[in-house]
Amino acid sequence: MTEPLEFTGERFTPECVREIWYEHVHRYVFAREFVGGLRVLDAACGEGYGSAMLAGRAASVVGVDISEEAIAHARGRYTADNLDFQAADVAALPFDDDAFDCVVSLETLEHLREQRALLSEFRRVLKPGGFLLISTPDKAVYTDRQQNDNAFHVAELYRGEFEDLLGAYFPAVRLWGHKLMFHSAIWALEDEPAGGAVLHQAHDDRVDAAARPAHDPVYLLAFCAADAATLPEPEAALWLFDDAAESVYEHYYHEIRKNMAAGEALAQREREIRRLETELEAARRSWWRRLTGRG
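Quick look at the structure, then. These figures come from a predicted structure and were not determined experimentally.

Concerning helix H3 (residues 68–77)
Next up, step 1: Turning to H3, its buried residues number three or more, namely Ala70, Ile71, His73 and Ala74. Burial along H3 is one-sided: seen end-on, the buried residues are contained in an arc of 160 degrees. Exposed side chains of H3 directed beyond 90 degrees from the buried face belong to Glu68, Glu69 and Ala72.
Next up, step 2: Among the structural elements, strand E2 (60–65) and strand E3 (83–87) are those in contact with the buried residues of H3.

What follows is the structure in structure tokens.
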């Protein structure tokens, strides 16, 4: 069995848990809905888990990464007749023009300064009717608002910069948002009602209803193509994801229980301190009475 790659913070590994697992896996779960029967390039595939997921739907998948270690790991861990891994620089791809129907590149852009070379290569290796699915954190939220400091991100982009960069190489761009959120869910258990999702958001003085989240996304995903007619048409405007074990919530509940236990321990300690202080004060008074002969 292939040993897991060490998680250094630079590339995700499927052994990671909780929030980071939800974020990374959901992007590939979303991507695989649109690659059925296609020849796919997974650009900057890391340890290979996402390429393997895509291969379950695609005609073929080539995963490329600049790390020889990651590629060797991927070849040992993920095997399928329609799956291949190659060591390559995503800004100088070793493939012919028009080689792929789809390029998937998730959380790659912010790791490179050669972003224009990257987009140029993606456009070159895509067939005229092909499309790119690419994602990156929105600097305004990920870094400025949430104050993340990721040492492996060398060129984060604001949403406008991201759109301008994509538009320079792909005339058709359709933008999506991605964010881990905490929701209370209510859904039909029998007949599926017509219509889409309804999300309620509570404010201090009102409750708003909308068909999509009102929050700013942390991550931006974009479908890109040479022509709007070749862009994928998702069947839903909102895509939700979790795991059967509800691991992110189990962690949340564990932290709550731990905090409650810590709070009770502190309260018990405070009660014990007050008891000891009372006993000490009583002992002090008794000693003073004996010393002064008043007892």
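Focus: the environment of Leu83
Next up, step 1: Tracing the backbone through its elements, the reader meets Leu83 in strand E3.
Next up, step 2: Under the relative-accessibility criterion, Leu83 is labelled buried at 13%.
Next up, step 3: Along the backbone, Leu83 and Glu156 are 73 residues apart, and their C-alpha atoms lie at a distance of 31 Å.
Next up, step 4: When near neighbours in sequence (up to four residues on either side) are disregarded, Leu83 contacts Ser51, Ala52, Ala55, Val61 and Tyr78.

Observations concerning the pattern of salt bridges
Next up, step 1: Enumeration over the complete set of coordinates arrives at 16 salt bridges.
Next up, step 2: Notably, a salt bridge pairs Glu33 with Arg57, separated by 3.7 Å at the nearest N-O pair. In this pair, Glu33 sits in the loop between helix H1 (19–32) and strand E1 (39–43) while Arg57 sits in the loop between helix H2 (49–55) and E2, placing the two residues 24 residues apart along the sequence.
Next up, step 3: For Glu33, a relative accessible area of 37% puts it in the partly exposed group.
Next up, step 4: By relative accessible area, Arg57 is classed as partly exposed at 37%.

Description of the layout of surface pockets
Next up, step 1: In this model, the second largest pocket occupies a volume close to 810 Å³.
Next up, step 2: Top element by residues in the lining of the second largest pocket is H1. It accounts for five residues.
Next up, step 3: Of the residues assigned to the lining of the second largest pocket, the class counts are 16 nonpolar, nine polar and 10 charged.

Observations concerning the side chain of Glu110
Next up, step 1: Along the chain, Glu110 turns up in the loop between strand E4 (100–106) and helix H4 (115–125).
Next up, step 2: Although Glu110 lies buried, it forms no salt bridge, and the closest oppositely charged side chain, Arg27, sits 7.2 Å away as judged by the N-O distance.
Next up, step 3: Looking at Glu110, its side chain comes within polar contact range of the side chain of Thr136, at 2.7 Å.

Conventions we followed
Residues numbered from 1 in each chain as written. Predicted model: local features only at pLDDT ≥ 70, side-chain atom pairs only at ≥ 80, totals over all residues. Heavy atoms only, no water. Buried < 20%, exposed > 50% of the residue type's maximum accessible area, 1.4 Å probe, protein only. Helix = DSSP H or I, 4+ residues; strand = E, 2+ residues; numbered from the N terminus. Arc of directions from axis to C-beta. Contact = heavy atoms within 4.5 Å. Salt bridge = Lys/Arg side-chain N within 4 Å of Asp/Glu carboxyl O. 1 Å grid on protein atoms, 1.4 Å probe; cavity = no way out; pocket = protein on both sides within 12 Å on 5 of 7 lines; lining within 4 Å. Points joined across faces, edges and corners; volume = space filled by probe spheres on them. Nonpolar A, V, L, I, M, F, W, Y, C, P; charged D, E, K, R; others polar. Lys, Arg positive; Asp, Glu negative; His and termini not counted. Polar contact = N/O pair within 3.5 Å; in protein donor to acceptor, adjacent residues only side chain to side chain.

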